[in-house]
Amino acid sequence: MLKDKTAIVTGSTSGIGLGIAEALAAAGANVMLNGLGDPDEIEATRARIEQASGRRILYHGANMLKPEEIAALVEDTESDLGPVDILVNNAGIQHVCPVDEFPVDKWDAMIAINLSAVFHSIRTAVPGMKARGWGRIVNIASAHALIASPFKSAYIATKHAVAGLTKTVALEVAEHGTTVNAICPGYVLTPLVANQIPDTARARGITEEEVKRDVLLAAQPTKKFVTVEQVADFTVFLCSDAAASITGAVLPIDGGWTAH
Ligand code: NAD
């Protein structure tokens, strides 16, 4: 379906991003991986996806804290893999803490990685998409782009902002065959969620099991975590020609959470 398209997936060494990279490759795209992690493990992941898909899979180590490295991610992909047709902004971090105790450095890092990095990759990739008259930008936001929960002030501020950025850019590129959408997953049991369970337990004064049952899955009427594969397949669909009329949309995939 996406044969010979070139895709970048930021933060694809783990969790949702890794699943999206695998699904895009399986759909025929050549993929530039990105993210933090152990170099040997990243190389093993890269080789595994390349082997399984038969597509070209490369890795770029751009740090999403650094605007010039994000621009280089797009530019190096264009020279090493091909013009960037698909940009999936997925890299993200979380920190759970009451607002009056929220560490300023964590606030700044979250703005940089969850929000500003999305701007920097988009501003670098959009000229090529406009020139070629085809592009797909998928921003992995969150159900927390639509609603709030306590103790996640920075995360929720950035995800709401990503929703606004998504709509704005969609309007700017709509006549250039390029769509821009935000996917808003509910809870997916990735390292990002697993790591926040102890902090949420501390902040709320409950056990980790109670966090899973009474905080995370309590939010989702299905009582099930959303899976990485579901988010990945949704992303592939948004990149297809069938989704050409879906743009500027902020789309929940959250087991009914935001229907409350
Ligand atoms: P994860 O921790 O498994 O993966 C995060 C990825 O981002 C990793 O590849 C990591 O290396 C990368 N990353 C972090 N900081 C980086 C930096 N400075 N530079 C480059 N890469 C960096 O988390 P996940 O749950 O897969 O989250 C992926 C995205 O999905 C995030 O934007 C997150 O907010 C969003 N999301 C997750 C959930 C969930 O329940 N897991 C729900 C809604 C939205």
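Residues numbered from 1 in each chain as written. Predicted model: local features only at pLDDT ≥ 70, side-chain atom pairs only at ≥ 80, totals over all residues. Heavy atoms only, no water.

Some words on the overall build of the protein
Consideration 1: If you tally the helices and strands in the protein, you get eight helices and seven strands.
Consideration 2: Over its C-alpha atoms the protein spans a radius of gyration of 18 Å, differing by no more than 12% from the 18 Å that the globule rule assigns to 260 residues.
Consideration 3: Its C-alpha atoms give the protein principal-axis dimensions of roughly 50 × 40 × 35 Å.
Consideration 4: Expressed as a percentage of its 260 residues, the buried residues of the protein come to 52%.
Consideration 5: When contacts within the protein are restricted to residue pairs at least 6 apart in sequence, long-range pairs at least 24 apart make up 73% of them.
Consideration 6: For the protein, the accessible surface area stands at approximately 11,200 Å², while carbon and sulfur atoms represent 55% of it.
Consideration 7: If the 21 positive side-chain charges of the protein are averaged to one point and the 29 negative ones to another, these points end up 5 Å apart. (Helix = DSSP H or I, 4+ residues; strand = E, 2+ residues; numbered from the N terminus. Rg over C-alpha atoms; globule rule 2.2 N^0.38 Å. Buried < 20%, exposed > 50% of the residue type's maximum accessible area, 1.4 Å probe, protein only. Contact = heavy atoms within 4.5 Å. Areas by Shrake-Rupley, 256 points an atom, 1.4 Å probe, with all protein chains shown as cover. Lys, Arg positive; Asp, Glu negative; His and termini not counted. Charge placed at Lys NZ, Arg CZ, Asp CG, Glu CD.)

A word on the sheet that holds strand S2 (residues 30-34)
Consideration 1: Sheet architecture is open: seven strands sit in the order S3-S2-S1-S4-S5-S6-S7, paired in parallel fashion. Looking at strand neighbours, the two that pair on one side only are strand S3 (57-60) and strand S7 (250-253), the edges of this open sheet. Geometrically, the sheet is characterised by an average inter-axis angle of 20° between neighbouring strands, direction not taken into account.
Consideration 2: In terms of strand pairing, strand S1 (residues 6-9) meets S2 through four bridges, oriented parallel. Pairing of Ala7 across the sheet is with Val31, part of S2.
Consideration 3: Along the sheet face, helix H5 (residues 153-173) touches strand S5 (135-140), strand S6 (178-185) and S7 and points at about 160° away from the line of S6. (Pairing = 2+ DSSP bridges. Axes fitted to C-alpha atoms, helices over the stretch in contact; angles between N-to-C directions.)

Remarks on empty space enclosed by the protein
Consideration 1: Taken as a whole and judged by the stated rule, the model has three cavities of 30 Å³ or more.
Consideration 2: Put simply, the largest cavity is a space of about 60 Å³.
Consideration 3: Together, Val96, Ser149, Pro150, Phe151, Lys152, Tyr187, Thr200, Arg204, Val215 and Leu216 line the largest cavity.
Consideration 4: Classifying every residue of the lining of the largest cavity by side-chain character gives six nonpolar, two polar and two charged.
Consideration 5: Residues from two domains meet in the lining of the largest cavity; each of domain 1 (6-186 + 226-252) and domain 2 (188-225) gives at least three.
Consideration 6: Of the pockets and cavities examined, the second largest cavity occupies roughly 50 Å³.
Consideration 7: What lines the second largest cavity is Asn89, Asn90, Ala91, Asn114, Val118, Asn139, Ile140, Lys159 and Val162.
Consideration 8: Listing elements by their share of the lining of the second largest cavity, those giving two or more residues are helix H4 (104-132), S5 and H5. (1 Å grid on protein atoms, 1.4 Å probe; cavity = no way out; pocket = protein on both sides within 12 Å on 5 of 7 lines; lining within 4 Å. Points joined across faces, edges and corners; volume = space filled by probe spheres on them. Nonpolar A, V, L, I, M, F, W, Y, C, P; charged D, E, K, R; others polar. Domains from an automatic or database assignment.)

With respect to the nonpolar core
Consideration 1: Grouped together as the largest cluster of nonpolar side chains are 34 residues, with contacts concentrated most on Leu2, Ile20, Leu24, Val31, Ile86, Val88 and Val231.
Consideration 2: Residue assignment for this core shows that the elements contributing at least two residues are S1, helix H1 (15-26), S2, strand S4 (86-89), S5, helix H8 (228-239) and S7.
Consideration 3: With seven residues, H1 is the single largest residue contributor to this core.
Consideration 4: Residues in contact with Ile20, not counting those within four places in the same chain, are Val9, Val88, Ile140, Val231, Ala232 and Thr235.
Consideration 5: Ranked by size, the runner-up nonpolar core spans 31 residues in total, among them Ile113, Val118, Ala182 and Cys184. (Core = buried A, V, L, I, M, F, W, Y, C linked by side-chain atoms within 4.5 Å.)

A few points about the domain arrangement of the protein
Consideration 1: Per the domain assignment, the segments making up the protein are domain 1 (6-186 + 226-252) and domain 2 (188-225).
Consideration 2: Put simply, the middle of domain 1 and the middle of domain 2, counted by C-alpha atoms, are 24 Å apart.
Consideration 3: Contact residues are listed per partner, giving 16 residues for domain 1 and 13 residues for domain 2.
Consideration 4: When the two sides are added together, the surface that domain 1 and domain 2 hide from each other amounts to roughly 1,100 Å², 63% of it contributed by carbon and sulfur.
Consideration 5: Together, Val96, Phe151 and Val226 form the three largest contributors to the area buried by domain 1 at its contact with domain 2, with a combined 42%.
Consideration 6: Our count for the domain 1 to domain 2 interface comes out at zero salt bridges. (Buried area = accessible area lost by both parts, 1.4 Å probe. Salt bridge = Lys/Arg side-chain N within 4 Å of Asp/Glu carboxyl O.)

Examining the packing of aromatic side chains
Consideration 1: Summed over the entire model, instances satisfying the criterion amount to two aromatic pairs.
Consideration 2: On the numbers, 6.5 Å between centres and 90° between planes, the contact of Phe102 with Trp107 is edge-to-face.
Consideration 3: Phe102 gets classed as buried once you look at its relative accessible area, which sits at 10%.
Consideration 4: Residue classification places Trp107 among the partly exposed positions, given a relative accessible area of 33%.
Consideration 5: A centroid spacing of 5.0 Å and a plane angle of 20° characterise the contact between Tyr187 and Trp257, whose relative ring orientation is stacked. Placement of the pair is Tyr187 in the loop between S6 and helix H6 (191-204) and Trp257 in the segment after S7, with a sequence separation of 70 residues.
Consideration 6: A relative accessible area of 6% means that Tyr187 is categorised as buried.
Consideration 7: Exposure remark for Trp257: the relative accessible area of 7% places this residue in the buried category.
Consideration 8: A cation sits over an aromatic face here: Lys5 above Trp134, 3.9 Å from the ring centre. (Phe/Tyr/Trp six-rings, centres within 6.5 Å; stacked < 30°, edge-to-face > 60°. Lys NZ or Arg CZ within 6 Å of the ring centre and 35° of its normal.)

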